[in-house]
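One-letter residues, chain by chain:
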Amino acid sequence: MRQDKPGVLLVNLGTPDAPTTPAVKRYLKQFLSDKRVVDSPRWLWWPILNLAILPLRSPRVSKLYASVWMDEGSPLMVYSQRQQVALAARLDMPVALGMSYGNPSLKSAIDSLMEQGVNRLIVLPLYPQFSCSTVAAVWDGITSVFAGYRSLPSVNFIRDYAEHPAYIAALKASVERSFAQHGKPDLLVSSFHGIPQRFANEGDDYPLRCHDTFEELKTSLGLSSSEAMLTFQSRFGREPWLMPYTDETMKSLPAKGVNHVQIMSPGFSSDCLETLEEINGENREIFLHAGGTRFEYIPALNDDEAHITMMMELVNQYR
């Protein structure tokens, strides 16, 4: 009789192996070659990517990575590995970490679980809000790995957890800690990673899921619509992305009488370049240069105990 042996696959986006131009170039090439991320025709996109974007962006982006690199490595990798270790300590089943791009690869993570006899895979993409450009890319990557297997495990795939009570509770606790340390700000900003507006027009419910998280968090904190705001960051290219844009918002707030902001990025399960450099660096400068007086960044949930508890609750639904 087939014995049931579950295992957990944690998946995050990925990161360069080092804050160097060659490593960043390798990572960006894999990331920006995925049609889930950039869906332009290949004949048009390949020359732009290989002849312009990679040569020009890689040196600049490597310097940005160097500015946030930790002693143990890339912040996203460090926190993801801590999450894996902490979750494994709470569960009586194997837990592996794989990245959609870069190392450790999805294949290496799945192979390690299969070698341990896992025949039921619980996949937890560490993206609280579904998007075709992130969660669907995980789905594609897993099915690509399985194409080389003779026998397949059964799969429980966690689509997202935008409104999960334990997720909202963990976010609420992180905000309350910040309020207690720095005082209540004029405005709490929740900055989510953007996607092209076209993706949403074509059926991606990502913006709806971001608003679901934002509304649940706002309600749990007892904040009014004038005390909390949702924005979108990290746009790329020329076409319209989800609005309002975080950087433009930061520039405009002081003129509206908002002098003290606290900002968080609830869509990121781990701190990374987009939170540490873009939000706590670039957007801090934009806000203060525009006349704001106080700016505090609320860290991602990372390996906070409440975050690990949430992951455990998600996995336990499929035990």
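Everything quoted here is computed from the prediction, not taken from an experiment. (Residues numbered from 1 in each chain as written. Predicted model: local features only at pLDDT ≥ 70, side-chain atom pairs only at ≥ 80, totals over all residues. Heavy atoms only, no water.)

1. Describing the packing of aromatic side chains
Defined as follows: A pair of Phe, Tyr and Trp rings is counted when the ring centres sit within 6.5 Å of each other, with Trp represented by its six-membered ring. The angle between the planes then sorts it: under 30 degrees is stacked, over 60 is edge-to-face, the rest tilted. Whether a charge sits over a ring comes down to the Lys NZ or Arg CZ being within 6 Å of the ring centre and within 35 degrees of the ring normal.
In the structure shown here, the tally under the stated rule is eight aromatic pairs. Between Phe146 and Tyr149 the ring centres are 5.9 Å apart and the planes differ by 90°, which places this aromatic pair in the edge-to-face class. Aromatic side chains Tyr161 and Tyr167 sit 5.4 Å apart centroid to centroid with 90° between the ring planes, which places their arrangement in the edge-to-face category. Among the aromatic side chains, those forming a connected cluster through ring pairs are Tyr27, Phe31 and Tyr101. A cation over an aromatic ring shows up here: Arg159 above the ring of Phe130, its NZ or CZ 3.9 Å from the ring centre. Over the face of the ring belonging to Tyr245 we find Arg235, whose NZ or CZ atom lies 3.9 Å from the ring centre.

2. Details of the domain arrangement of the protein
It is common to give the size of an interface as the accessible area lost on bringing the parts into contact. Definition in use: Here the bounds of each domain stem from an automatic or database domain assignment. Contacts: residue pairs with any heavy atoms within 4.5 Å of one another. Buried surface area refers to the total accessible area, computed with a probe of radius 1.4 Å, that the two partners give up upon joining, counted for both partners together. Here, a salt bridge means any side-chain nitrogen of Lys or Arg that lies within 4 Å of a carboxyl oxygen of Asp or Glu. The term polar contact refers here to a pair of N or O atoms within 3.5 Å; inside protein, the definition further demands a hydrogen-donor-capable atom paired with an acceptor-capable atom, and it admits residues adjacent in sequence only when both atoms are side-chain atoms. Starting at the N terminus, helices and strands are each numbered in turn, a helix being any DSSP run of H or I of at least four residues and a strand any DSSP run of E of at least two.
We note that the domain assignment places domain 1 (6–161 + 306–317) and domain 2 (165–297) within the protein. Computed from C-alpha coordinates alone, the two centres of domain 1 and domain 2 are separated by 23 Å. Across the contact, 31 residues belong to domain 1 and 23 residues belong to domain 2. Between domain 1 and domain 2 lies a buried interface of about 2,200 Å² when both sides are counted; carbon and sulfur atoms form 63% of it. When residues of domain 1 are sorted by the area they lose upon contact with domain 2, Asp39, Val68 and Gln129 head the list and together hold 23% of the total. For the pair domain 1 and domain 2, the number of links is three salt bridges. For the salt bridge of Arg209 with Asp160, the shortest nitrogen-to-oxygen distance reads 2.8 Å. Connecting domain 1 to domain 2 are twelve residue pairs in polar contact (both at pLDDT 80 or more). Counting only elements with at least two residues in the side of domain 1 that touches domain 2, the list comes to α2 (42–68), α3 (75–90) and α11 (305–316). Looking at which element gives the most residues to the side of domain 1 that touches domain 2, the answer is α2, with eight residues.

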